[in-house]
Amino acid sequence: MSKRKVDGSERMSIDDEKEDVSMVDATAGTTDTSSEGGQHQHDFSSLFDVDAIDASQRQSYVTILDKAYERANSATENWGNISRTVKIGRMVMMLGDVLRESGITGADRDRYWERVAPFFEIREKSDLVDHGPMIDQSAAASAFDLDYTSHADDAAFLTHLEEQRKIFLKRRQRGPQGNAPFFAVIQSSGYGKSRLISQISACRDQQYDVIYWTFASKQAYPPKNVEISELQFNSLRREALEKALHREISVAVGNAQSGRQADSETIFIRLGTNTKPPQMQQRTDQKRIIFVVDEASELLGKFTSDGVSFYRALRTAFTKFETEASWLFFVVMSTFSSITYLSPELAMDPSFKPYSGYDDVNQKPLNPFILGSSFRVNNNREALVAKTVEECHQPECLYSMGRPLWKALLTCATPMFTHELLSYGRKKLRNSLDNDIKLTKKEEILAVLSVRLCLSISPTSWYVPSLVACHMGTALSISEDRMSMVVTYPSEPVLAVGAKMFMKNQENIGRMISALQDFLTHGAVDRGYKGELIVRLLMTLAMDKAMGSTGVKEVRLKDYLVHFNRNGADVSKLIEGLESSGCEDFDVEEELKKLKRLNLDWPDSRAILEDKKRNLSAQASRGPTYADSHVCFTHFVYLSKSIQGDLITHDLLRYAYRRSAAIVVEEGRRGIDKVIPLRVEEDKFVGLVVQDKNRVSDTLQSLTNADNDATHHKVNVEYFLTEAEKETFRSAGVDLERNWPAILFAVGVDKVGAEVATQLEQKRFRRNNVSDTDRFNFPCIVLTGLDYSDLMNVDAVVRLKGLRDFEVLPCLQKQQDIPITYGS
């Protein structure tokens, strides 16, 4: 780009005259770009005022805007029917591509954006790549109408329903139990709870009729179809609302029995002169009715004049139908996971009245159904591994991995653009409608950190219900007493990539570190692996730096590692050593002298060192080292040893890399804490292995000495991989005699340092009959200290050290008051 002065103002143009001419030709005959202005061939006036652009600059600006508009128009169906906001969002995304293709980059691109942004009514430059409205009703409806993909929970739900019916009827044989024939379906947004019910209703060969009520908010889909007049019932006692609900439920059941439809799409719960419900008819056919109430938690915040929530009145209305439980059963669905309110213990229910024969068995609520298998629909491991890395890293594929919602929004009749989906995912993660990236609430910080760092969240933490209800957490199980719930954040690249934006903000990083300390202090997150969390955070921030502002891209390992550079600790120089075999610098005599100084000289040392030099020469002939391999991850996932077959295998690294995931190894794995998949060839993988050390007593010298196990044989594949795991790599053609890169983070050490561990296998020298498989050099980089100024500002570094050093201890007075516990 060059800048030319026109009438005293700077004008941007393409340097190449031919390209400049072609830009003029592209609009010739269709656009009047004179100073007087004119009407463009596309209806720009409906989006912004072209005349607002300075006349001297109008031609170059309008030409580029024309290209962006044309691309957005041609890529979008029903362009004339979508809103101005959506049009601008999609045009902005195309504008970024057009600027790059036109050679407008860097400072020129920023300058262009500053001038064009005001009449786009967009405030941030980042909106060029990140702009998108919340999901609208048309997109949600379109996604809801996609062909349904069956999964295991289709049958499991009906099985669960019948199991709960049997339990309820068995309890009732002992006498009236005073409870309602219902159970709750729990899961966070996007798993397809409503879609599952819709599918059951659509299957006419099923032995069920479905009545579907939803109290959803305006932003939800399916839309609300039941209205309760707050003006009427806020001024009345609960009995009036209970009677009205009882009547409308009876009417709906009667309509279903007779095959009649409701008079209107929306059911209005209101007072009437005839509040007596119609008589229930016993079913003569074999069909049963499932009465579904969706988004029932919307009723928890509305109350009658005597302080009873609308939801409690609804639940009381359910109890009127306990005699019909053999053919009528209620299902309550919500993302609101605290079913202490949705399905409580009877003794905790304010409306419960003890009765003769009441016992502990009868007071237990019916078990909730936790929807989960729908996650597998778009996460078939075999299908993803069969694709190439490039195919999997395409946004349409990568962002479809996760709950069904993401793929539905990308592939429906009115699909979202990927930048819109990322923006929507961020808003869902924060539970906010605005575009602000500033994190202030503890719940949203916990959600963002869990998505990216794979936190171990305490099932009894008071954050848990909010994470599932409002912040996209996934419920796995819930205790019978409803006091604890296992919640996790599975691998969902769309959320991980969306959350990158939050971690670009330095203030957010400081808040995250402080929040982590608070979570650890109060037990919301497992405090047993504080150092591991610090290392995950550092590695994630370094990967974000290496990737840049783009969504997901592969980065060379050496380009990733340089982001751990610090003053006085230059990792770049260490990487140079990784790029060569080391045979040129390996001097047998010098190595013997080192051994003697360490008192590690044995009779066969010379023979072993000479053999090592030959091995290094052989290794050099195998080709380039792993410094030029590629790394690509956006989040961490946990490798559970409880799942059969999930070992550190070549296939696992292939799968994780396709999901842009790094691996936290299972508890009890010896030698290492993490494995980052490295792509060395087209579809051949090894790992960057990572160790975390918290000891304050460590020093750079002690960790890099030749007699340190941690940086030598423990990071050797012969040590941390099982024989079965090693065989999977050999079968894939991976040479296990080549060194896997390794990093040891000594976060407990204050002094900043970086060094490669001394390349001597002295621990192996102590063994008799040393075999060839024992002779490896291990390029382990040791990093000490926490002053990673390239990754965070000074304030965040101070907070990170505070997180490392804090301990949860009682106050001194309590230690003195309770000497038996804390000592005298």
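Since the structure is predicted, the reported quantities are computational estimates derived from the model, not experimental observations.

On a plain count of helices and strands, the chain comes out with 34 helices and 20 strands. Out of the 824 residues in the chain, the part that is buried amounts to 54%. Here the analysis covers contacts within the chain between residues at least 6 apart in sequence; of these, 74% occur between residues at least 24 apart. Summed over all atoms, the accessible surface of the chain reaches about 36700 Å², with 48% contributed by carbon and sulfur.

This next bit is on helix H17 (residues 418-430). The periodicity of an α-helix, 3.6 residues per turn, causes residues three or four places apart in sequence to face the same way. With 13 residues, H17 ought to run about 18 Å at 1.5 Å a step, and its terminal C-alpha atoms sit 18 Å apart, in line with that. In terms of burial, H17 is a largely internal element, 13 of the 13 residues being buried. Once H17 ends, the next one or two residues include Asn431, with phi positive near 60°.

Before going further, it helps to examine the packing of H17 against helix H20 (residues 493-503). Axis angle and axis distance: for two packed helices, these are the angle between their axes and the distance between the axes, and together they describe the pair. Orientation of H17 relative to H20, taken along the N-to-C sense of each, is 80°, at an axis distance of 8 Å. As summarised for this structure, H17 and H20 are arranged roughly perpendicular, according to the angle between their axes. Of the residues in H20, those touching H17 at Leu421, Leu422, Gly425, Arg426, Leu429 and Arg430 are Val494, Leu495, Val497, Gly498, Ala499, Met501 and Phe502. Of the residues assigned to the contact of H17 with H20, the class counts are 9 nonpolar, 2 polar and 2 charged.

So, on to the sheet that holds strand E7 (residues 288-294). Pairing within the open sheet is parallel, and its 5 strands lie in the order E4-E7-E8-E3-E9. Here the strands that pair on one side only, and so sit at the sheet edges, are strand E4 (208-214) and strand E9 (369-370). Across 5 bridges, strand E3 (residues 182-186) lies against strand E8 (residues 328-334) in parallel orientation. Bridging across to E8, Ala184 finds its partner in Val332. Each of E3, E4, E7, E8 and E9 touches helix H6 (residues 152-172); the most contacted strand, E8, lies at about 125° to it.

Turning our eyes to something else, we now look at the environment of Ile64. Relative to the helices and strands, Ile64 resides in helix H2 (residues 58-74). Looking at Ile64, the relative accessible area reads 3%, which means it is buried.

Model confidence for the chain is summarised by a mean pLDDT of 76, while 68% of its residues fall at 70 or above. Confidence drops under a pLDDT of 50 for residues 1-42, and excluding neighbours within four residues, the segment shows 74 contacts in the predicted structure. Predicted confidence is poor over residues 121-134, with pLDDT under 50, and the contacts of this stretch with residues over four places away or in other chains come to 41 contacts.

So, about the pairing of strand E20 (residues 780-784). Counted residue by residue, E20 has 5 buried out of 5 residues, so it is predominantly covered. Looking at chain direction, strand E19 (residues 753-756) and E20 are connected through 4 bridges and run antiparallel. Bridge assignment links Val756 to a residue of E20, and that residue is Ile781.

Here we take up the packing of aromatic side chains. Under the defined criterion, the tally for this structure stands at 20 aromatic pairs. On the basis of an interplanar angle of 90° and a centroid distance of 6.0 Å, the ring pair of Phe168 and Phe329 is categorised as edge-to-face. Here Phe329 lies in strand E8 and Phe168 lies in helix H6, a separation of 161 residues in the sequence. Note on Phe168: relative accessible area 1%, which makes it buried.

For side chains bearing opposite charge, pairing can occur when the charged atoms are close. Following the criterion strictly, the structure yields 36 salt bridges and no others. For Glu507, the salt bridge is made with Arg511, and the minimal N-O distance between the two is 3.1 Å. Within this pair, Glu507 and its partner Arg511 are both found in helix H21 (residues 506-521), separated by 4 residues, close to a single helical turn. For Glu507, a relative accessible area of 51% gives the class exposed. Among the ionic pairs, Arg799 bridges to Asp795, the shortest N-O distance being 3.0 Å. Of the two residues, Arg799 and Asp795 both sit in helix H32 (residues 794-805), 4 residues apart, roughly one turn of that helix.

Right, let's get into helix H30 (residues 723-731). Along H30, the residues that are buried comprise Glu725, Lys726 and Phe729. One side of H30 carries all its buried residues, which in axial view fall inside an arc of 100°. Those residues of H30 that are exposed and aimed more than 90 degrees away from the buried face are Glu723 and Ser731. A positive backbone phi angle near 85° is found at Gly733, which sits one or two residues after H30.

In this structure, Asn225 sits in the loop between E4 and strand E5 (226-228). Within the structure, the side chain of Asn225 is placed 2.9 Å from the backbone oxygen of Tyr212, a separation counted as a polar contact. Of the polar contacts made by the side chain of Asn225, one reaches the backbone nitrogen of Thr214; its length is 2.8 Å.

Let us look at the nonpolar core. Counting residues in hydrophobic clusters, the biggest one holds 137 residues, and the most contacted among them are Met539, Tyr560, Phe564, Trp740 and Phe745. Element by element, the count of residues in this core is highest for helix H22 (residues 530-547), at 11 residues. Grouped together as the second largest cluster of nonpolar side chains are 33 residues, Ile228, Ala252, Ala317 and Phe318 included.

Another point: the pairing of strand E15 (residues 661-664). Covered by surrounding structure in E15 are Ala661 and Ile663 together with Ala662 and Val664, the residues of both alternating faces. Judged from the 4 bridges that link them, strand E14 (residues 635-638) and E15 form a sheet pairing that is parallel. Bridge pairing in E15 links His635 to Ala661. The pairing of E15 with strand E16 (residues 674-681) spans 2 bridges and is antiparallel. Residue pairing in the sheet places Val664 in a bridge with Lys674 of E16.

Quick look at the packing of helix H16 (residues 404-411) against H17 now. Here H16 crosses H17 at 150°, and the two axes come no closer than 10 Å. As H16 runs across H17, the sense of the crossing is right-handed. Contacts between H16 and H17 involve Leu405, Trp406, Leu409 and Leu410 from the former and Thr418, Leu421, Tyr424 and Gly425 from the latter. When grouped by side-chain class, the residues that make up the contact of H16 with H17 number 6 nonpolar, 2 polar and no charged.

Its location among the elements puts Val552 in the loop between H22 and strand E12 (555-556). Classification of Val552 by relative accessible area gives buried; the value is 18%. When the C-alpha atoms of Val552 and Gln394 are compared, they prove to be 8.8 Å apart, with 158 residues separating the residues in sequence. Sequence-distant contacts of Val552, that is, excluding residues within four places in its chain, are made with His393, Leu398, Val497, Met547, Cys632, Thr634 and Ser660.

You will see that Glu295, though not glycine, has its phi angle at about 50°, which is positive. Under the relative-accessibility criterion, Glu295 is labelled buried at 18%.

Analysis parameters
Residues numbered from 1 in each chain as written. Predicted model: local features only at pLDDT ≥ 70, side-chain atom pairs only at ≥ 80, totals over all residues. Heavy atoms only, no water. Helix = DSSP H or I, 4+ residues; strand = E, 2+ residues; numbered from the N terminus. Buried < 20%, exposed > 50% of the residue type's maximum accessible area, 1.4 Å probe, protein only. Contact = heavy atoms within 4.5 Å. Areas by Shrake-Rupley, 256 points an atom, 1.4 Å probe, with all protein chains shown as cover. Expected span 1.5 Å × (residues − 1). Axes fitted to C-alpha atoms, helices over the stretch in contact; angles between N-to-C directions. Parallel < 35°, antiparallel > 145°, perpendicular 65-115°, else oblique. Nonpolar A, V, L, I, M, F, W, Y, C, P; charged D, E, K, R; others polar. Pairing = 2+ DSSP bridges. pLDDT = per-residue confidence, 0-100. Phe/Tyr/Trp six-rings, centres within 6.5 Å; stacked < 30°, edge-to-face > 60°. Salt bridge = Lys/Arg side-chain N within 4 Å of Asp/Glu carboxyl O. Arc of directions from axis to C-beta. Polar contact = N/O pair within 3.5 Å; in protein donor to acceptor, adjacent residues only side chain to side chain. Core = buried A, V, L, I, M, F, W, Y, C linked by side-chain atoms within 4.5 Å. Left-handed = near helix turned anticlockwise from the far one by under 90°.

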